[in-house]
Amino acid sequence: GAGAAGRVVVVTNSGLQIWNKSGTSLAGPTTLIEFHPAIPNTCPTCPSAFDPKVLFDQHSGRFFIVTLEGKTPNPGGTSNVHIAVSTSSTPGNLTTDWTKLSGSALTSIGGIETWFDYPSIGADSDSLFVTGNMFDSGGTGRGTKIRVFDKSATTGLLAGIYSFVDIDVDSAVTTGVSTVQ
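Please read all numbers here as calculations on a predicted model, not as lab measurements.

Novice: Summarise the environment of Gly139; cite the residues concerned and give the values.
Specialist: In this fold, Gly139 is placed in the loop between β10 (127–135) and β11 (141–150). Expressed as a C-alpha distance, the spacing of Gly139 and Trp115, which sit 24 residues apart in the sequence, is 9.4 Å.

Shown next as structure tokens:
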């Protein structure tokens, strides 16, 4: 994502970095696990953080980074959605310029526990939207999750509060549905 103030934030599975628009590195590179202290470093050769996405939100003037962790949906398993919110439109470091929040995405769909994968993100003036596919422990797609976060500066992400509503769609509900364009 590129912010209005000339910052460029890049995230990949191997890490993240911040530059100014002139190409000067301001922070990083660093790994996702180093960036998000809530993500455990249980296996150095098999990172537990994956599928990061970044968005510069023109409505709030902030960067949002979404990172997933965990693929074990069975009872007691892990599937977390980590959100990092820049504290301004001009983050210059990967520590104090970010608020970092986490929450579970484990979901039972049709009585089967699922984990969250392959996120997409978007925003409007009030909310941050994170969508993803829900898979069971065997890798079968069971549905879709739409997590709608409150962005407000008093009760939501901009206040450091992980507040959301989930919309879960069972894949059985959408079987046979066609879209007319």
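Novice: Can you tell me about the pattern of salt bridges, naming the residues and giving the values?
Specialist: Scanning all chains against the criterion turns up five salt bridges. For Asp136, the salt bridge identified is with Arg142, shortest N-O distance 2.8 Å. We classify Arg142 as partly exposed; its relative accessible area is 25%. Asp166 is paired through a salt bridge with Arg147; the nearest N and O atoms lie 2.7 Å apart. In this pair, Asp166 is assigned in strand β12 (residues 164–170) and Arg147 in strand β11, connecting sequence segments 19 residues apart. Connected through shared salt-bridge partners, Lys145, Arg147, Asp166 and Asp168 make up one network.

Novice: Go over the pairing of strand β2 (residues 15–20) with me, naming the residues and quoting the values.
Specialist: In this sheet, β2 lies alongside strand β1 (residues 7–12) in antiparallel orientation, the contact comprising six bridges. Opposite Thr12, over in β2, you have Gly15 as the bridge partner. Sheet topology places β2 next to strand β3 (residues 25–30); three bridges connect them, and they run antiparallel. Counterpart to Trp19 in the pairing with β3 is Ser25.

Novice: Before we move on, can you summarise unusual backbone geometry with the specific residues and values?
Specialist: The amide bond that connects Gly28 to the next residue, Pro29, takes the cis arrangement and shows omega of 5 degrees. One non-glycine residue, Asp51, lies in positive phi territory at about 50 degrees. Looking at where Asp51 falls in the secondary structure, it is placed in strand β4 (residues 49–57). Residue Asp51 is classed as buried on the basis of its relative accessible area of 18%.

Novice: Residues and numbers for the environment of Gly28, please.
Specialist: Structurally, Gly28 is set in strand β3. For Gly28 and Gly92, which are 64 residues apart along the polypeptide, the C-alpha to C-alpha distance reads 9.9 Å. Excluding its chain neighbours within four sequence positions, the residues that come into contact with Gly28 are Leu16, Gln17 and Leu94.

Novice: Describe the packing of aromatic side chains, and please don't skip the residues or the numbers.
Specialist: Enumeration over the complete set of coordinates arrives at seven aromatic pairs. Taken together, a centroid distance of 6.4 Å and an interplanar angle of 75 degrees make the contact between Phe50 and Trp115 edge-to-face. In this pair, Phe50 sits in strand β4 while Trp115 sits in strand β9 (residues 112–123), placing the two residues 65 residues apart along the sequence. Across the pair, exposure class does not vary: Phe50 and Trp115 are buried alike. Members of the aromatic cluster, each reached through a chain of ring pairs, are Phe50, Trp115 and Phe135.

Novice: Give a description of the sheet that holds β10 that names residues and reports values.
Specialist: Hydrogen bonds between backbone atoms are what pair the strands of a sheet, whose relative direction is either parallel or antiparallel. Read across the open sheet, the five strands follow the order β8-β9-β10-β11-β12; overall the sheet is antiparallel. Of all strands in the sheet, those bounded by a partner on one side alone are β8 (107–109) and β12. Ignoring which end each strand starts from, the neighbouring axes of this sheet average 35 degrees apart. In this structure, β9 lies alongside β10, joined through seven bridges in antiparallel fashion. The residue bridging Ala123 from the neighbouring strand is Leu128, located in β10.

Each value, and the rule that gives it
- Residues numbered from 1 in each chain as written.
- Predicted model: local features only at pLDDT ≥ 70, side-chain atom pairs only at ≥ 80, totals over all residues.
- Heavy atoms only, no water.
- Helix = DSSP H or I, 4+ residues; strand = E, 2+ residues; numbered from the N terminus.
- Salt bridge = Lys/Arg side-chain N within 4 Å of Asp/Glu carboxyl O.
- Buried < 20%, exposed > 50% of the residue type's maximum accessible area, 1.4 Å probe, protein only.
- Pairing = 2+ DSSP bridges.
- Contact = heavy atoms within 4.5 Å.
- Phe/Tyr/Trp six-rings, centres within 6.5 Å; stacked < 30°, edge-to-face > 60°.
- Axes fitted to C-alpha atoms, helices over the stretch in contact; angles between N-to-C directions.

Limitation: the analysis is restricted to geometry and does not speak to function.
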